[in-house]
Each structure stands twice: as structure tokens, then as C-alpha cells.
Amino acid sequence: MRIFGAAIGLAASALLLSACGGGSDGRDRDDGGDDGEPAPLSGKSDVLRELSIVANVAQLFGYGDGLAEPSSALFKAAGVPSGHWGRYSARNPSLLKAATRHDCDSGSYTLEEGSGQEPFGYFDGTRRAVSFRIYNYDDCTIDDESGNGSSYDDGRVENGSGTPNASNETYDYSLFGSGDTPHLYRRYEPVGSRTELTEFFTLGRFEFRSATNQQEQRSILSFRLNAESDDYLLDLDLGNGSGPFTIAENTSSQTLSLSGPYRYHSSICDWTYAEVSTPTPLAISTDGFTAGRLRIESDRGLATITFAADGSARYELSNGNSGTLNASEIGLAVSEPAC
């Protein structure tokens, strides 16, 4: 089994812990000096590959709670990671309390708290009143109380939250990293006589809007998973200078929408990029996606995937090819991605 699918829950849980305050340096990425190659979209295997990436992204960010497991851990939701490019936040004015220092089992962190006006540029650019917390971790290791492993944080994490407006909308944000330096989270797990190490690097900005029956996330971030014990590495970039990557869920109609550019690279696949959109929102059920239309496009083709009530789908490609995907094929592609 590819580690990507198996590691999603751990990655999301790890980053959620960091967002709540609780190898390599993450910058040595070799993409050949460019954006990589556009995703090929000429056949069934290409469709399954990109569908698996997009579905795992939604899963990584905790969307699609109604989705269950028709085969393996299909689209199982867990956690909300987030990030920060480090050149965006322009809070003005702000009330900031003096930083307090806290010891970890090894290392330390400082905590600053305050309030101010935060611009939500991934939505409408409006400055909104927020309360925020800034964590600066310095080689902070915390041992599990059970004695089964430990967690390590290094770098900057900021979380801000607003209050509901007249339309019952609430805006929140999270920032991971500073400048070009990502936030690093490590998880050490004892397995038999050895200790397994998994690393997560996150650099980028995440904005979140919640309203009655609606949740929407917009982000521009870079994420790296380094599963050292499995000799597996995954880089994932969401959004870019052209705009953020958006995930929106309507919990009343049980539908999911995705849009924006993404790019990925792993121990198995070279740097590849594409853009996704949902002309028709995707219906969520225990059979996976059971309605809606997903569109994936790159400079090497266009794939339109239309989902059916039984969890299957029909795809149509810009080169004239078309075909069907049964629910088992989709479930296998998502739980054991080709990359």
C-alpha cells in the first residue's frame, strides 16, 4: 500500500495538534528550477491518479464527513492543517500582550496573545476583528504521558479567530512558518525495538469561513510529509500566485466543491501540476461521491468526471477518450494512490 493514503490521518492529526498549540529542513526541494510537468490526462490511469490526489487533499483537510469506506479508508476525514507564506499578515492596529516563555520536556516555546484587524485577502480583502495566538517553538519536545513516543515542534504557528457577524459568518485564519522557513512537526513512535520517525513541514496561509450549514477554506501553502521509516516523501503545494486552493462543504445538502491549482511530488512521482474545479458540487454519501462533476485540467489535457448514485463515475477526456470507473476502482485509487 502507498503510504500517502495510510498517512493522511496521522498528517492531519499532527498538524491539528500544532494548530491548537500543542531529516531535512523542508526547503531542499528539487523541482528542476520550474513548476514541474503538467499532469498527463490521456487515459484511465491518469484520471485515477489525479482523482486520488484531489480526494486525498479533501480528506487531509477534514472535509467530507459523510463519506464512509466502500473499500479501504476512502475519504476518511481527520483534522485541519494549515500554513503561512510569512509575507502576508498585516495586522493594524493590534493589542499584543508580552510573550510568555514555557518549557517543554526538552526545549521551549513562547506564546503571544493579542487582538487586532486581520485582512482576509483570500476572500474579499476585508479587515476583520480577530483574537490571535502566536507560538514560537524552539526545539520543543513533549513526551507522551503514556511513554509511547514523543512530539517535536520547531518554528512559528499563529492562529486567529473572529466572532459571528450579522450574517452569522465567522472568519478564522492560521499561519505556519515564517519567511521561507516552514514549521516543523516530528512524531516519534516506538514500534517493537525501533522508533519510527515521521516529519511534517508546513509553510503557507489558511483562511476559513463558517456560516450556517457551510464551511469554506482557502489556502496557499506548501506541505511536506517525510515518512522516514517507509522511505517515502511527499510534497504538496496548494494554490499559487494566481489564487488560493478552495474547499467548500455544504453540510445541509451534503455536497463538496473544490477549485484551484495544485502541485505534487513524491518518492514515486516527479513534480506534476494541474487545476481542479467542480462545475457541479459533489454529493457525499456512504458510497463516496454519488453525484456531481469534477474537472481536472492541465496543459496536457482536460478530464471531466461525472459521478453516479452507486459511487461509480464516467470520465471524458479532451483527446476524445472516455470510459467508466466503478466504485471499487475509485476506492482503491484513493486508498492506495499511484503517487
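Here we look at the packing of helix α2 (residues 44–60) against helix α3 (residues 327–335)
Link 1 in the chain: Contact geometry for α2 and α3: axes closest at 8 Å, N-to-C directions at 60°. Taken together, α2 and α3 sit at an angle that is classed as oblique. Where α2 crosses over α3, the handedness of that crossing is right-handed. Between α2 and α3, the residues in contact are K44, L48, L51, S52, A55 and N56 and E329, I330, A333 and V334, respectively.
Link 2 in the chain: Each residue belonging to the contact of α2 with α3 can be placed in one class, and the counts come to six nonpolar, two polar and two charged.

Considerations on the pairing of strand β9 (residues 194–211)
Link 1 in the chain: Most of β9 is tucked away: 14 of the 18 residues are buried.
Link 2 in the chain: By the bridge criterion, seven bridges tie strand β7 (residues 170–176) to β9 in an arrangement that is antiparallel. From the neighbouring strand, T170 faces β9, where its bridge partner is S210.
Link 3 in the chain: One ladder, built from nine bridges, connects strand β8 (residues 183–191) with β9; its direction is antiparallel. Across the sheet, H183 pairs through a bridge with T202, a residue of β9.

A closer look at the pairing of strand β5 (residues 127–143)
Link 1 in the chain: Inspection of the sheet shows strand β4 (residues 106–119) paired to β5 by 13 bridges, in the antiparallel sense. Within β5, the position partnered with E118 by the bridge is R128.
Link 2 in the chain: Looking at chain direction, β5 and strand β6 (residues 150–161) are connected through 11 bridges and run antiparallel. Its bridge partner lying in β6, S131 is registered against S161.
Link 3 in the chain: Between the end of β5 and the start of β6, which pair antiparallel, lie six residues, with G147 showing a positive phi angle near 85°.

A closer look at the side chain of T141
Link 1 in the chain: Structurally, the position occupied by T141 is in strand β5.
Link 2 in the chain: Excluding residues that lie within four positions of it along the chain, T141 makes contacts with C104, D105, S106, S150, S151 and Y152.

Remarks on the confidence of the model for the protein chain
Link 1 in the chain: In this model, the protein chain carries a mean pLDDT of 82, and residues with pLDDT of at least 70 account for 81%.
Link 2 in the chain: A low-confidence stretch, residues 1–33 (pLDDT under 50), is modelled with 89 contacts involving residues beyond four sequence positions or located in other chains.
Link 3 in the chain: Scored below 50 in pLDDT, residues 66–91 makes 111 contacts in the model with residues more than four places away or belonging to other chains.

Some points on α2
Link 1 in the chain: Taking 1.5 Å per residue as the helical rise, α2 with its 17 residues ought to reach 24 Å, and the 24 Å between its terminal C-alpha atoms agrees with that figure.
Link 2 in the chain: For α2, a buried count of 15 out of 17 residues is recorded, marking the element as mostly surrounded by other parts of the structure.
Link 3 in the chain: Just past α2, the residue G62 takes up positive phi, approximately 80°.

Some remarks on the nonpolar core
Across soluble globular proteins, nonpolar side chains show a tendency to be buried alongside one another.
Link 1 in the chain: Core analysis: the biggest nonpolar cluster contains 50 residues, and L258, Y262, I296 and F307 have the highest contact counts within it.
Link 2 in the chain: Ranked by residue count, the leading element in this core is α2, at nine residues.
Link 3 in the chain: Discounting chain neighbours no more than four positions away, the residues touching F307 are L51, L282, F289, T290, A291, G292, L294, S312, A313 and I330.

A look at the state of the cysteines
Link 1 in the chain: Applying the stated criterion across every chain yields a total of two disulfides.
Link 2 in the chain: The side chain of C104 participates in a disulfide bridge whose partner is C140; the two sulfur atoms lie 2.0 Å from each other. Measuring handedness by torsion sign, the sulfur bridge of C104 and C140 sits at about -100° and is left-handed. With C104 in the loop between β3 (100–103) and β4 and C140 in strand β5, this residue pair connects regions lying 36 residues apart in the sequence. Accessibility assignment for this pair places C104 and C140 in one class, buried.
Link 3 in the chain: Between C269 and C339 runs a disulfide, and the two sulfur atoms are separated by 1.8 Å. Disulfide C269-C339: the torsion about the S-S bond is -90°, which places it as left-handed.

A few points about the packing of aromatic side chains
Link 1 in the chain: Under the defined criterion, the tally for this structure stands at 11 aromatic pairs.
Link 2 in the chain: Ring geometry for Y185 and F200: centres 6.0 Å apart, planes at 40°, overall tilted. Here Y185 is found in strand β8, whereas its partner F200 is found in strand β9, with 15 residues between them in sequence. The same class applies to Y185 as to F200, namely buried.
Link 3 in the chain: Among the aromatic residues, ring-to-ring pairing joins F120, F123, Y171 and Y173 into one connected group.

What counts and how
Along each chain, the written sequence defines residue order, and numbers are assigned to residues from 1. Reporting in this predicted model follows two pLDDT cut-offs: at least 70 for local features of residues, and 80 or more for side-chain atom pairs to be given and counted; totals over whole chains, interfaces and linings ignore these cut-offs and use all residues. With hydrogens and water set aside, each side-chain value is computed from the structure's full complement of heavy atoms. Each axis is a line fitted through C-alpha atoms, and for a helix only the stretch in contact is used; angles between axes span 0 to 180 degrees, taken between their N-to-C directions. Only DSSP runs of H or I covering at least 4 residues are called helices, and only runs of E covering at least 2 are called strands; the numbering of each starts at the N terminus. Between 65 and 115 degrees an angle is taken as roughly perpendicular, under 35 as roughly parallel, over 145 as roughly antiparallel, and anywhere else as oblique. Should the near helix be turned counterclockwise from the far one by less than a right angle, the crossing is left-handed, whereas a clockwise turn marks it as right-handed. Should any heavy atoms of two residues lie within 4.5 Å, those residues are counted as being in contact. The residue classification treats Ala, Val, Leu, Ile, Met, Phe, Trp, Tyr, Cys and Pro as nonpolar and Asp, Glu, Lys and Arg as charged. All others, Gly included, are polar. When accessible area is computed with a 1.4 Å probe and restricted to protein chains, residues below 20% of their type maximum are described as buried, those above 50% as exposed, and intermediate ones as partly exposed. One bridge is not enough; two strands pair if DSSP finds at least two bridges between them. Per-residue confidence from the predictor is reported as pLDDT, which spans 0 to 100. To estimate how far a helix should reach, multiply one less than its number of residues by 1.5 Å. Within this scheme, the nonpolar core is defined by two criteria: the residues are buried Ala, Val, Leu, Ile, Met, Phe, Trp, Tyr or Cys, and they are joined through side-chain atoms within 4.5 Å. Two cysteine sulfur atoms make up a disulfide if the distance between them is within 2.5 Å. Aromatic rings from Phe, Tyr and Trp, taking only the six-membered ring of Trp, are treated as a pair when their centres fall within 6.5 Å; an angle between ring planes under 30 degrees marks them as stacked, one over 60 as edge-to-face, and anything in between as tilted.

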